[in-house]
Amino acid sequence: MLCRRIIPCLDCDLAFPNGRVVKGIEFKKIRYAGIPWQLAERYYREGADEIVFLDITATHEKRETMTKVIQKTSERVFVPLTVGGGIRSIEDARKAFNAGADKVSINTAAIENPNIINKLAKYFGSQACVVAIDAKRRYV
């Protein structure tokens, strides 16, 4: 029998001083939904098996994922923490891991430099690397 897993995926806009969780549809009409580490802790206490943070503005704004948010979250949450957004290199991933992330997720970097997938997996282990795919169904 398959086991259920609850993995909340929080879209974050970490350009703000303390970061913020946002909700929207197709990255439009984005509205505030809470503070990342507080929502992560709530999901953890309610039985989440893993927490995922995706910093949806990091790549577009050409900035790194904020390690402060990862640190505050990892002090409160004791399930795997996956962090994505702004991870473009081994060094970016190292910073996320050192801040408390258990896994890193890449998206744009995998398209721009497919070899980064193998590099990250070789350096940190394939269990710690996720490739996130934003797919849109198109009918021809």
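Everything below is about the structure printed above this text.
A brief look at the structure comes next. If you're wondering where the values come from, they're calculated on a predicted model, not measured in any experiment.

This part is about the overall build of the protein. Each helix and strand counted, the protein has 5 helices and 7 strands in total. Computed over the C-alpha atoms, the radius of gyration of the protein is 15 Å, within 12% of the 14 Å expected from 2.2 N^0.38 for a compact globule of 140 residues. Principal-axis analysis of the C-alpha atoms places the extent of the protein at approximately 45 × 35 × 35 Å. Looking at the protein residue by residue over its 140 residues, the buried ones come to 38%. In the protein, of all internal contacts separated by at least 6 residues, the share reaching a separation of at least 24 is 59%. As presented, the protein carries roughly 9000 Å² of accessible surface, and 53% of it is formed by carbon and sulfur atoms. Positive and negative side-chain charges of the protein, numbering 23 and 16 respectively, have mean locations separated by a distance of 3 Å.

Attention now moves to the packing of helix α2 (residues 67-74) against helix α3 (residues 90-99). Geometry of a packed helix pair, given as the angle between the helix axes and the separation of the axes. Following both chains from N to C, one finds α2 and α3 inclined at 30°, their axes separated by 8 Å at the closest point. The angle between α2 and α3 places the two elements in the roughly parallel class. In this structure, α2 contributes Thr-67, Ile-70, Gln-71 and Ser-74 to the contact, and α3 contributes Lys-95, Ala-96 and Ala-99. For the contact of α2 with α3, the residue count by class is 3 nonpolar, 3 polar and 1 charged.

Now for the pairing of strand β4 (residues 51-55). Most of β4 is tucked away, with 4 of its 5 residues classed as buried. In terms of strand pairing, strand β1 (residues 9-13) meets β4 through 4 bridges, oriented parallel. Among the inter-strand pairings, Cys-12 is bridged to a residue of β4, identified as Asp-55. By the bridge criterion, 4 bridges tie β4 to strand β5 (residues 81-84) in an arrangement that is parallel. Bridged to Leu-54 within β5 is Gly-84.

One pair of aromatic rings is described through two measures. These are the centre distance and the angle between the planes. A full pass over the atoms with the stated rule returns 3 aromatic pairs. Note on Phe-97 and Phe-124: the rings are 4.7 Å apart at their centroids and 45° apart in plane angle, and the pair reads as tilted. Of this pair, Phe-97 sits in helix α3 while Phe-124 sits in helix α5 (residues 115-124), and the two are 27 residues apart along the sequence. Given a relative accessible area of 18%, Phe-97 falls into the buried group. Note on Tyr-123 and Phe-124: the rings are 4.8 Å apart at their centroids and 70° apart in plane angle, and the pair reads as edge-to-face.

Bridge count between β5 and strand β6 (residues 103-106): 3 bridges; the pairing is parallel. Paired with Val-83 across the strands is Val-104, a residue of β6. In this sheet, strand β7 (residues 129-131) lies alongside β6 in parallel orientation, the contact comprising 3 bridges. Counted as the bridge partner of Ile-106 is Val-131 from β7.

Turning to the nonpolar core, a few remarks are in order. If you look at the biggest cluster of nonpolar residues, it comprises 30 residues, and the most contacted ones within it are Ile-51 and Phe-53. Filtering out sequence-adjacent residues up to four positions away, Ile-51 remains in contact with Pro-8, Leu-10, Ala-40, Tyr-43, Tyr-44, Val-77, Val-79, Pro-80, Leu-81 and Thr-82.

Rules behind the numbers
- Residues numbered from 1 in each chain as written.
- Predicted model: local features only at pLDDT ≥ 70, side-chain atom pairs only at ≥ 80, totals over all residues.
- Heavy atoms only, no water.
- Helix = DSSP H or I, 4+ residues; strand = E, 2+ residues; numbered from the N terminus.
- Rg over C-alpha atoms; globule rule 2.2 N^0.38 Å.
- Buried < 20%, exposed > 50% of the residue type's maximum accessible area, 1.4 Å probe, protein only.
- Contact = heavy atoms within 4.5 Å.
- Areas by Shrake-Rupley, 256 points an atom, 1.4 Å probe, with all protein chains shown as cover.
- Lys, Arg positive; Asp, Glu negative; His and termini not counted.
- Charge placed at Lys NZ, Arg CZ, Asp CG, Glu CD.
- Axes fitted to C-alpha atoms, helices over the stretch in contact; angles between N-to-C directions.
- Parallel < 35°, antiparallel > 145°, perpendicular 65-115°, else oblique.
- Nonpolar A, V, L, I, M, F, W, Y, C, P; charged D, E, K, R; others polar.
- Pairing = 2+ DSSP bridges.
- Phe/Tyr/Trp six-rings, centres within 6.5 Å; stacked < 30°, edge-to-face > 60°.
- Core = buried A, V, L, I, M, F, W, Y, C linked by side-chain atoms within 4.5 Å.

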